[in-house]
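Residue strings, one per chain:
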Amino acid sequence: MNSTIPLAELLRPQSLGDYVGQPHLVGSDGIVTKLIKSQTLPSLIFWGPPGCGKTTLAYLIAANINAHFEALSAVGTNLDGIRKILGESLERLSSFQQRTILFIDEIHRFNKAQQDVFLPHVEKGTIILIGATTENPSYEVIGPLLSRCRVLVLRQLSTVELVKIMNNGLQKLNRSINSEARAFLQEAVNGDARKLLTTLEVAAAITQEENFTVITIEQALQKKQLLYDRVGEEHYETISAFIKSMRASQPDAAVYYLARMVEGGEDSLFIARRMVIFASEDIGMAVPTALVVANEVFKACEVIGYPDCAINLVHGVVYLASCKKDRSAYNALQEAIHDVQKHGNLPIPLNIRNSPTTFMKELGFGKGYQKYTTQSFLPEKLKNKRYYNCKTQDM
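Definitions and cut-offs
- Residues numbered from 1 in each chain as written.
- Predicted model: local features only at pLDDT ≥ 70, side-chain atom pairs only at ≥ 80, totals over all residues.
- Heavy atoms only, no water.
- Helix = DSSP H or I, 4+ residues; strand = E, 2+ residues; numbered from the N terminus.
- Rg over C-alpha atoms; globule rule 2.2 N^0.38 Å.
- Buried < 20%, exposed > 50% of the residue type's maximum accessible area, 1.4 Å probe, protein only.
- Contact = heavy atoms within 4.5 Å.
- Areas by Shrake-Rupley, 256 points an atom, 1.4 Å probe, with all protein chains shown as cover.
- Lys, Arg positive; Asp, Glu negative; His and termini not counted.
- Charge placed at Lys NZ, Arg CZ, Asp CG, Glu CD.
- Pairing = 2+ DSSP bridges.
- Axes fitted to C-alpha atoms, helices over the stretch in contact; angles between N-to-C directions.
- Salt bridge = Lys/Arg side-chain N within 4 Å of Asp/Glu carboxyl O.
- Phe/Tyr/Trp six-rings, centres within 6.5 Å; stacked < 30°, edge-to-face > 60°.
- Lys NZ or Arg CZ within 6 Å of the ring centre and 35° of its normal.

(A) Inspection of the overall build of the protein chain at higher detail. A count of helices and strands for the protein chain gives 20 helices and 7 strands. Taken over the C-alpha trace, the protein chain has a radius of gyration of 29 Å; the compact-globule value for 395 residues is 21 Å, which it surpasses by more than 25%. A principal-axis box enclosing the C-alpha atoms of the protein chain has dimensions of 85 × 55 × 40 Å. Residues counted as buried form 42% of the 395 residues belonging to the protein chain. For the protein chain, restricting intrachain contacts to residue pairs at least 6 apart in sequence, the fraction spanning at least 24 positions comes to 74%. When the accessible area of the protein chain is evaluated, it comes to approximately 21700 Å², of which 53% is carbon and sulfur surface. Considering the protein chain, the positive charge centre built from 42 side chains and the negative charge centre built from 40 side chains are found 8 Å apart.

As structure tokens, this is what we get:
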């Protein structure tokens, strides 16, 4: 392929029927489909990971409502350039009754003053603003502008969708790829279609081989293939080593195994979920707020995603590994479960049973109950049993 036009641009869909991904938005019952059908479009914010189709979707919307399309990147665009486009949009609307869709890539990079400029034009309908961001718009887009826009969440492309895009790219390049290289490339791009197509384009430029191998893809990505199978033995061995390193209060080892999982493409939410479990199971009552930290790491991974959420993960890992350890609450639960399974539903003492009726009170339900007492509330057979024994372990 001899062209100065990037492969990603050559393959950009020209119709919604060719668009890959986001079925919840562009499917027969999707909101974008319905808005295009009604020819009524509000200003929108597209929130999604890199390479999931935000720019392409904005372009296709403009084409389907016969609107003029202007695209800007927040990086390197100044206020004068914005005002020029806004003026042209007003003239276009007044003279030709044609609407303008102004697409702003990485809108989160605009400061408050730059975002303020759009407000009156969005309010009056001079432009239909479509902003694209990889960051949570609740934090990165000013409130007045956000309230005038509908936020649409775009999802990371699935494996099936990536394969379809990869096959289109290979066909355009007149190349093929072996199964090992294909699997490696799918993992390495982490759902980013633009990165996938750019990698194929670079691979075609650096080799004449018709069938791409792992070596070629490694060279194109400038990244080595790691032995890490997210559903195989390596997956379980690494997460086991990770948990045991935190349990032993060895932050260096825990960070190393975290890095192996991150570089191997492990799901960030899987790692964070195990950290939440660890915070209660192994740290427990020694530092109860560890659960709060672990939960916040999980939320950060949900909102931010790779690559940046790796910073949140390592922050949490070092903290959890450095905490004192206390499994007493976890051990108490396990022992209590053992007794429940062994003895079944032992009779609850009458004095702590609910007594909503006179008849039940006459039977002795609730009789002699005291709020504050050293008397055991356990069933008679277990009244001297102790489940919870606090044993905090230092680092």
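From this point, the narrative continues.
(B) How the structure looks around the sheet that holds strand β2 (residues 68-73). Across the sheet, 5 strands lie side by side as β2-β3-β4-β1-β5; this open sheet has parallel pairing. The sheet is open, and its two borders are formed by β2 and β5 (149-153), each paired with just one other strand. Averaged over all neighbouring strand pairs, the angle between strand axes comes to 20°, with direction disregarded. Relative to β5, strand β1 (residues 43-47) is paired through 5 bridges, and the arrangement is parallel. Opposite F46, over in β5, you have L152 as the bridge partner.

(C) Just the pattern of salt bridges, in detail. With the rule as written, the count across this model stands at 13 salt bridges. One salt bridge in this structure joins E380 and K383, with 3.1 Å as the shortest N-O distance. K383 gets classed as partly exposed once you look at its relative accessible area, which sits at 39%. It is possible to trace a salt-bridge network through shared partners that takes in R247, E281, D282 and R327.

(D) View of the environment of V293. On the secondary structure map, V293 appears in helix α17 (residues 290-304). Overall, the relative accessible area of 26% leaves V293 in the partly exposed class. For the pair V293 and A279, spaced 14 residues apart in the sequence, the C-alpha separation amounts to 8.6 Å.

(E) Structural detail: the packing of aromatic side chains. Taken as a whole and judged by the stated rule, the model has 5 aromatic pairs. Summarising the aromatic geometry, the rings of F69 and F103 are spaced 6.2 Å apart at their centres and angled 25° between planes, so their arrangement reads as stacked. Pair noted here: F69 is in strand β2 and F103 is in strand β3 (residues 100-105), with a separation of 34 residues, a long-range link. Centre to centre, the rings of Y369 and F377 are 6.2 Å apart; their planes meet at 35°, and the pair counts as tilted. The class for Y369 is partly exposed, based on a relative accessible area of 44%. Taking the ring centre of F365 as reference, the NZ or CZ of R353 above it sits at 5.2 Å.

Such coordinate-based values are descriptive only and should not be taken to indicate function.
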